[in-house]
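Survey of secondary and tertiary structure
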Protein chains: 2
Amino acid sequence: MGIGLAEFLTNKLAAEHPQVIPISVFIAILCLCLVIGHLLEENRWVNESITAILVGAVSGTVILLISKGKSSHILVFDEELFFIYLLPPIIFNAGFQVKKKKFFHNFLTIMSFGVIGVFISTVIISFGTWFLFPKLGFKGLSARDYLAIGTIFSSTDTVCTLQILHQDETPLLYSLVFGEGVVNDATSVVLFNAVQKIHFESLNGWTALRVFGNFLYLFSTSTLLGIAVGLVTSFVLKTLYFGRHSTTRELAIMVLMAYLSYLLAELFSLSGILTVFFCGVLMSHYASYNVTESSRITSRHVFAMMSFIAETFIFLYVGTDALDVTKWNTSSLSVGGTLGVSSVITALVLLGRAAFVFPLSILTNFMNRHTERNESITFKHQVIIWWAGLMRGAVSIALAFKQFTYSGVTLDPVNAAMVTNTTIVVLFTTLVFGFLTKPLVNYLLPHDASHNTRNRGKRTEPGSPKEDATLPLLSFDESASTNFNRAKDSISLLMEQPVYTIHRYWRKFDDTYMRPIFGGPRRENHPEC
Amino acid sequence: MGIGLAEFLTNKLAAEHPQVIPISVFIAILCLCLVIGHLLEENRWVNESITAILVGAVSGTVILLISKGKSSHILVFDEELFFIYLLPPIIFNAGFQVKKKKFFHNFLTIMSFGVIGVFISTVIISFGTWFLFPKLGFKGLSARDYLAIGTIFSSTDTVCTLQILHQDETPLLYSLVFGEGVVNDATSVVLFNAVQKIHFESLNGWTALRVFGNFLYLFSTSTLLGIAVGLVTSFVLKTLYFGRHSTTRELAIMVLMAYLSYLLAELFSLSGILTVFFCGVLMSHYASYNVTESSRITSRHVFAMMSFIAETFIFLYVGTDALDVTKWNTSSLSVGGTLGVSSVITALVLLGRAAFVFPLSILTNFMNRHTERNESITFKHQVIIWWAGLMRGAVSIALAFKQFTYSGVTLDPVNAAMVTNTTIVVLFTTLVFGFLTKPLVNYLLPHDASHNTRNRGKRTEPGSPKEDATLPLLSFDESASTNFNRAKDSISLLMEQPVYTIHRYWRKFDDTYMRPIFGGPRRENHPEC
């Protein structure tokens, strides 16, 4: 009966509706995932990603049985689907919902984890695999492949940990993990693309520098594009005030412009991920104050929902893909060999991350030793940060498909082996490490974890900023000597607390020039206002 | 310079990003449309559809110039894009935002316009074209084509008129035009599909009856499926109360289930349009009360936004398609012939609509002559209803493409001629009749039109129902004779005011059984509560 229905569906209807069947099945499974995820919400071990992967694996098994071992896929993997439709909402939402104050206060630390960390991790994983793979009898990869593997396994998936940390109780930790997650995604994609551009035939001492230069160029131009689109959108929304006639237009403009920023970046071969992230930051900082109250609420929820659906979709896909028999059969490795290669990669992931989290944390603490405001990163926090980035997720899968397959299909045994190994590492880290995250956080931060299941859907920005804003600013209506002393103070402060001082000047600039043009509330407790 | 950039874009980047360029261009133009639509909001003559068509035509011209006369298209017409991605949000939103009380109060009138009207109009247009086309020298169409043409040009586009009518000032008129618009879309698509199933080789007296039977079957099963999905969603949302953990899940479930209802209907070869409409009605009646306040606001706005984007997208497409040189060159008709055929169709559209609006309105007034509550449809209202349905829109285009092209391409001169004629009729009716709608309504209803630019984005349901609910109901704790008299009253009331009585029983049933299970507020002024 089941087979009969399945055959009926695949034969009779597939001809009429080639796309309808897989989409319906996938959406039905997505709904199932949401329901199961909700029911397991209070469970200590399981999170959304794990649920989606497991549901995906079960669906894959069912499809494998129905299709009599031919295929486990509902949808064929499509790089474009991932990079053009699923990734942008996730990253945009990250930018839109990020607590900007915390993010920019810890900007240097986040950037060192997210950029320098990826470089260190890439180097360790690339060299490690290049050194160890041949010893396991796994040969046939090129230098470009090894570098690509380094970037593929340097991209982390922090969603899992963020579901457990509580932003109001450990704000520093939360903002570091969140911030690193975002910057890391962007960095690894940008670095992956930079690696693609290396000419290995004319390799010389300048190559590393050229990769780094290319990386810096991509990073800065992408950021600028995102900022530009965000500012244009804010300006248009403020000037025209669409809400006057229709709240629908406001929303539509926000959604469409956000998406356009990503597409433009891709069009000019920049990093859409960075562009759309900064577009999200700018939109939530300016544009969301130029729309009606209901649009503000709606936009926040819409972006969260789109991101949520896209994420679940990806993990579901990873789950079904794990059972792809074709790739398993094509792979050049035996079961033992696969296990060996996967173990090596997992070990290198652990090592590569430890190699930058602990040193960079110590460096950050050393840099901030004179600043009373910045709490230092305790060893327990360092362990959590290290752990938070061990999971490998959707970006790794997508990059692996990009590197080792052609539209999700590969006939080359070595490439197939790399794809199956990536799947195993992603599954293992997400399932095993993901499973252990809650207990680990509960053990290390017993108090903080107690609230972990509360208020998840209700993260809101806290009211008005509470810190004192007694900032030494240059003003021109006072005597020159006062100004000179002030300037000296400013400069010595700038040397000691660079981020804080920059941040204060930025706020002053923001209040005086940016907000009047692009929108946003006036700060009530600012002395100059 | 312009050409240089265009060539660079089409040659160099198209290879890397086949989908990115057209999508980016289309989204940029969509944003432009929104801005222009907003700026023209207070204009007396122009509305959203006209703006989108004109912007589309201008973009088509620009692309035609850039591609040196080769193509005017940004995107290739894709039936699946239209029927699977663009139509569902529009229709679901219609069901979700419809004022259910008004809709069901005027249920019989709406159904007679929306169902019987389409049948009458189809017959007139089919016979008219079958009789007149050969006289204009336009030959080569089959019997099936003529019937298809009848349904294609019986589908109306009431968006234009709804933008002008004001729901609080002329509630009857608004609900009739809106309700007919929705039912009409569904009926014409269902009838179109029923026509496809006719076996013309074994035509006999039963054929018409069989088409009608097929139609009834599709209509009822599709409605039931929509109701079922809506109830399941409401039940799940009420039972599990997702908002407890995450408002994002609630929203995601609503959006996904709505879409799933459409896909399921298409999968079982039913009418997705009807299914998704009733799913929307049920969701707004029950499900939207089972979610948190913020999700309620968000869902309303999200559905409105998706519908808005889809609609603008379609009109934009119609605009660019108007300049498709290939179809113009393939057409079997000369310029004069095309004008003649288009004029005949437009005349038949005017006639076909008059042939049911006026008789059915008179019939409705006659049926309601004893009911004090139902206002009668005045002659001025009849003229507005007639006019409101003269515009032909996206559904006509989509059905014409389905009937006369293969994935938007046709090499047959007769088919190409029909597609270009459909485009002309849609453009003409939308632009010319659309242009005249505001002046006409202002002329016929001078008071009502004065508010037409207010409160558009803020349509909200009025507070609590105000009408008296002194309804003769059977209750079992009174004497038999009282009950008998009550029953007699009920039955005589049922004979006189069928819709009102059914509606009252339904409300009783809804309050007692449905709302406790599927969610929704208790009516405060209901005597039995």
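Because the structure is predicted, anything quoted here is derived from the model rather than measured.

Conventions used here
- Each chain has its residues counted from 1, following the order in which its sequence is written.
- The order in which chains are written sets their letters, starting at A; the order in which ligands are written sets their numbers, starting at 1.
- At least 70 in pLDDT is required for a residue's local features to be given in this predicted model, at least 80 for side-chain atom pairs to be given and counted, and no such filter applies to totals for whole chains, interfaces and linings, which use all residues.
- Based on all heavy atoms of the structure, the side-chain values leave hydrogens and waters out of the count.
- Helix and strand labels come from DSSP, where a helix needs a run of H or I of at least four residues and a strand needs a run of E of at least two; each type is numbered from the N terminus.
- A residue counts toward the fit only if its pLDDT is at least 70 in both copies, and the copies are then superposed by least squares on the C-alpha atoms of those residues.
- We call two residues in contact when some of their heavy atoms are within 4.5 Å.
- Two cysteine sulfurs form what is called a disulfide whenever their separation falls within 2.5 Å.
- Think of it in three bands: with a 1.4 Å probe and only protein chains considered, a residue is buried below 20% of the maximum accessible area for its type, exposed above 50%, and partly exposed in between.
- A patch consists of residues exposed above 30% relative accessible area that lack any salt bridge, with like charges linked at up to 9 Å and nonpolar side chains (Val, Leu, Ile, Met, Phe, Trp, Tyr) linked at up to 5 Å.
- Methods summary: accessible areas were calculated by the Shrake-Rupley approach with a probe of 1.4 Å, and residue burial reflects only the protein chains presented.
- Salt bridge criterion: a side-chain nitrogen from Lys or Arg within 4 Å of a carboxyl oxygen from Asp or Glu.

1. Describing unusual backbone geometry
- One non-glycine residue, Ser269(A), lies in positive phi territory at about 55 degrees.
- With respect to the secondary-structure elements, Ser269(A) resides in the loop between helix H11 (247–267) and helix H12 (272–285).

2. Quick look at the relation of the copies chain A and chain B
- Mapping chain A onto chain B is achieved by rotating through 180 degrees and translating by 0.0 Å along the same axis, at an RMSD of 0.0 Å. The operation mapping one copy onto its partner corresponds to a two-fold rotation axis. For chain A, the smallest separation between a C-alpha atom and the rotation axis is recorded for Thr298(A), amounting to 2.2 Å.
- Interface overlap between copies is the fraction of interface residues in one copy that are interface residues in the other; for chain A against chain B it reaches 100%, indicating a shared surface.

3. What to know about the state of the cysteines
All names here are of chain B.
- Summed over all chains, the structure comprises 0 disulfides over all chains.
- No disulfide involves cysteine 31; its sulfur sits 9.6 Å from the nearest other cysteine sulfur, which is in cysteine 33.
- Classification of cysteine 31 as buried rests on a relative accessible area of 6%.

4. Considering the side chain of Thr423(B)
- Assignment of secondary structure puts Thr423(B) in helix H18 (residues 413–444).
- Beyond its immediate chain neighbours, meaning those up to four positions away, Thr423(B) contacts Asp321(B), Ala322(B) and Ile397(B).

5. Focus: a nonpolar patch on the surface
- On the surface, Val123(B), Phe127(B), Trp130(B), Phe131(B) and Leu132(B) cluster together to form a nonpolar patch covering roughly 520 Å² of accessible area.
- Relative to the assigned elements, Phe127(B) resides in helix H6 (residues 107–132).

6. Digging into the pattern of salt bridges
- Counted by the stated rule, this structure contains 8 salt bridges over all chains.
- Here Arg515(A) ties to Asp511(A) by a salt bridge, and the two come within 3.9 Å at their closest N and O atoms. One end of the pair is Arg515(A) and the other is Asp511(A), both in helix H20 (residues 498–518) and 4 residues apart, which spans about a single turn.
- Between Arg296(B) and Glu293(B) there is a salt bridge, with its nearest N and O atoms 3.0 Å apart. Linking Arg296(B) with Glu293(B), this pair stays in helix H13 (residues 293–321), spanning 3 residues, or about one helical turn.
- Classification of Arg296(B) by relative accessible area gives partly exposed; the value is 26%.
- In this structure, a network of salt bridges that share partners links the residues Asp510(A), Asp511(A) and Arg515(A).

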